[in-house]
Amino acid sequence: MFTLYDTTLSSRLLLGTARYPSPAILEEAVRRSGAGILTVSLRRELAGAKGDKSRGGAFFEMIKALGVRVLPNTAGCHSVQEAVLTAKMAREVFATDWVKLEVIGHHDTLQPDVFALVEAARILTAEGFKVFPYTTEDLVVGEKLLEAGCKVLMPWCAPIGSAMGPVNPAALKAYRAAFSDVPLIVDAGIGRPSHATAVMELGFDAVLLNTAVSGAGDPAAMAQAFGQAIAAGRTAYLADPLEPRDMAVPSTPVIGKAVFDMAPAAASGRA
Ligand SMILES: CC(=O)[C@@H](O)[C@H](O)COP(=O)(O)O
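Residues numbered from 1 in each chain as written. Predicted model: local features only at pLDDT ≥ 70, side-chain atom pairs only at ≥ 80, totals over all residues. Heavy atoms only, no water.

The chain is annotated in an unreviewed UniProt entry as Thiazole synthase from Xaviernesmea oryzae. Under the Pathway (unreviewed entry) heading, UniProt states for the chain: "Cofactor biosynthesis; thiamine diphosphate biosynthesis." UniProt, in the comment section headed Subcellular location (unreviewed entry), describes the chain in these words: "Cytoplasm". (UniProt positions renumbered as here; feature names shortened; annotations may be inferred.)

Structure (structure tokens):
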């Protein structure tokens, strides 16, 4: 169990809902993942409906009907104004003050504009939003986001949609150590279940991912694999894993065993 703002959750997987082959596959993926939170892009769905707002609305109704907590996101926003406006629209549509705050700053890497992110976070928390900021693993930005009122931080592990997995594990380790009391969710860049396990083993509280599931050959099976991998990573973290060592250490205590085994054989003349 872990707590994000006012809510206690058992699943540590937050699943994105974009780019699935069909609504039925999305539904099945959500079910098999066991995800505790679904993130939904307001801008993407409304843009995809191409003027027919009821299509966007139908998608939102389908998401609500899944009965999983929704975390609307501001994916596709490039400025403070856009992100704040999108968050307010999402609050109306989903009747929630939770928002995943994304303010994209770099065209190629989709790296967040961390200056705009902090400003938007400050505005939204002042208006009562519970902000989940998508950020880099920069420690100073993390501190500024906490000062702005965020109670959760969501560092990337690689660019959105890249599926690279944790490209800078040392930075993620430092992030975990620096914000030991803050719920931390790795958001974006996960490609495989083993990546999710690896970041959970570092002590992160949860993982948010989308492309690795929606882009898989069998999204529902992959969603299930991620659910299992995240749970395994958490269990391993709590089990206090060994640190890698420079030297070999025999795992079987051989000294003494041979004496017991050999002595009776030698005495009886057996080789
Ligand atoms: C759905 C969503 O919020 C994405 O913007 C998020 O950051 C996930 O990234 P991946 O698609 O790389 O998992």
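A. Here's a closer look at the site of the ligand. Neighbouring residues of the ligand: 13 residues in total, closest Lys-100, Glu-102, Gly-161, Asp-187 and Thr-211. The backbone of Gly-189 places a nitrogen or oxygen atom 3.0 Å from an oxygen atom of the ligand. Between the ligand and Asn-210, the relevant distance is 2.9 Å, taken from an oxygen atom to a main-chain nitrogen or oxygen of the residue. Across the complex, the protein chains shield 96% of the 360 Å² of accessible surface that the ligand would expose by itself. The class makeup of the residues in the shell around the ligand is four nonpolar, six polar and three charged. (Near = heavy atom within 4 Å. Polar contact = N/O pair within 3.5 Å; in protein donor to acceptor, adjacent residues only side chain to side chain. Areas by Shrake-Rupley, 256 points an atom, 1.4 Å probe, with all protein chains shown as cover. Nonpolar A, V, L, I, M, F, W, Y, C, P; charged D, E, K, R; others polar.)

B. Up close: the UniProt feature "binding site: 1-deoxy-D-xylulose 5-phosphate" (unreviewed entry) in the chain. If you check UniProt for "binding site: 1-deoxy-D-xylulose 5-phosphate" (unreviewed entry), the listed places come out as Gly-161, Ala-188, Gly-189, Asn-210 and Thr-211 in our numbering. Their sequence span is 51 residues, while the largest C-alpha to C-alpha distance among them is just 9.0 Å; these annotated residues converge on one region. Looking at where Ala-188 falls in the secondary structure, it is placed in the loop between β9 (185-187) and α8 (193-201). Residue classification places Ala-188 among the buried positions, given a relative accessible area of 8%. In this structure, Ala-188 is in contact with Tyr-134, Trp-156, Cys-157, Ala-158, Ile-160 and Leu-208, ignoring residues within four places of it in sequence. Within the secondary structure layout, Asn-210 lies in the loop between β10 (206-209) and α9 (211-214). (Helix = DSSP H or I, 4+ residues; strand = E, 2+ residues; numbered from the N terminus. Buried < 20%, exposed > 50% of the residue type's maximum accessible area, 1.4 Å probe, protein only. Contact = heavy atoms within 4.5 Å.)

C. Highlighting the UniProt feature "active site" (unreviewed entry) in the chain. Under the UniProt annotation, the feature "active site" (unreviewed entry) is placed at Lys-100. If you trace the backbone, Lys-100 turns up in strand β6 (residues 98-101). Of the residues examined, Lys-100 reaches a relative accessible area of 4% and is grouped as buried. Ignoring sequence-local partners within four residues, the contact set of Lys-100 consists of Thr-39, Leu-71, Pro-72, Asn-73, Thr-74, Phe-132, Tyr-134, Met-154, Asp-187 and Leu-208.

D. Broad picture of the side chain of Thr-7. By secondary structure assignment, the location of Thr-7 is in strand β2 (residues 7-9). Thr-7 sits in the buried class, given a relative accessible area of 14%. In this structure the side chain of Thr-7 is engaged in a polar contact, spanning 2.9 Å, whose partner is the side chain of Arg-69. Excluding residues that lie within four positions of it along the chain, Thr-7 makes contacts with Phe-2, Arg-69 and Trp-98.

E. Summary view of the packing of helix α1 (residues 23-33) against helix α10 (residues 219-238). At their nearest, the axes of α1 and α10 sit 7 Å apart, and the two run at 20° to each other. Regarding the angle of α1 to α10, the classification is roughly parallel. As for how α1 packs across α10, the hand of that crossing is right-handed. Counted together, Ile-25, Glu-28, Ala-29, Arg-32 and Ser-33 of α1 and Pro-219, Ala-220, Ala-221, Ala-223, Gln-224 and Gly-227 of α10 form the full contact between these two elements. Per-class residue counts for the contact of α1 with α10 are six nonpolar, three polar and two charged. (Axes fitted to C-alpha atoms, helices over the stretch in contact; angles between N-to-C directions. Parallel < 35°, antiparallel > 145°, perpendicular 65-115°, else oblique. Left-handed = near helix turned anticlockwise from the far one by under 90°.)

F. Seen up close, the packing of aromatic side chains. Taken as a whole and judged by the stated rule, the model has five aromatic pairs. With a centroid separation of 5.2 Å and an interplanar angle of 70°, the aromatic rings of Phe-60 and Phe-94 are classed as edge-to-face. One end of the pair, Phe-60, is in helix α3 (residues 53-65); the other, Phe-94, is in helix α4 (residues 80-94), with 34 residues separating them in the sequence. Under the relative-accessibility criterion, Phe-94 is labelled buried at 10%. Members of the aromatic cluster, connected to one another through ring pairs, are Tyr-5, Trp-98 and Phe-132. (Phe/Tyr/Trp six-rings, centres within 6.5 Å; stacked < 30°, edge-to-face > 60°.)

G. Layout of the nonpolar core. The biggest cluster of nonpolar side chains holds 74 residues, and the ones touching the most others in it are Leu-4, Leu-101, Val-131, Phe-132, Ile-185 and Ile-190. It is helix α5 (residues 114-126) that contributes the most residues to this core, seven residues altogether. Residues in contact with Ile-185, not counting those within four places in the same chain, are Leu-4, Leu-14, Phe-132, Val-152, Leu-153, Met-154, Pro-155, Ala-206, Val-207 and Leu-208. (Core = buried A, V, L, I, M, F, W, Y, C linked by side-chain atoms within 4.5 Å.)

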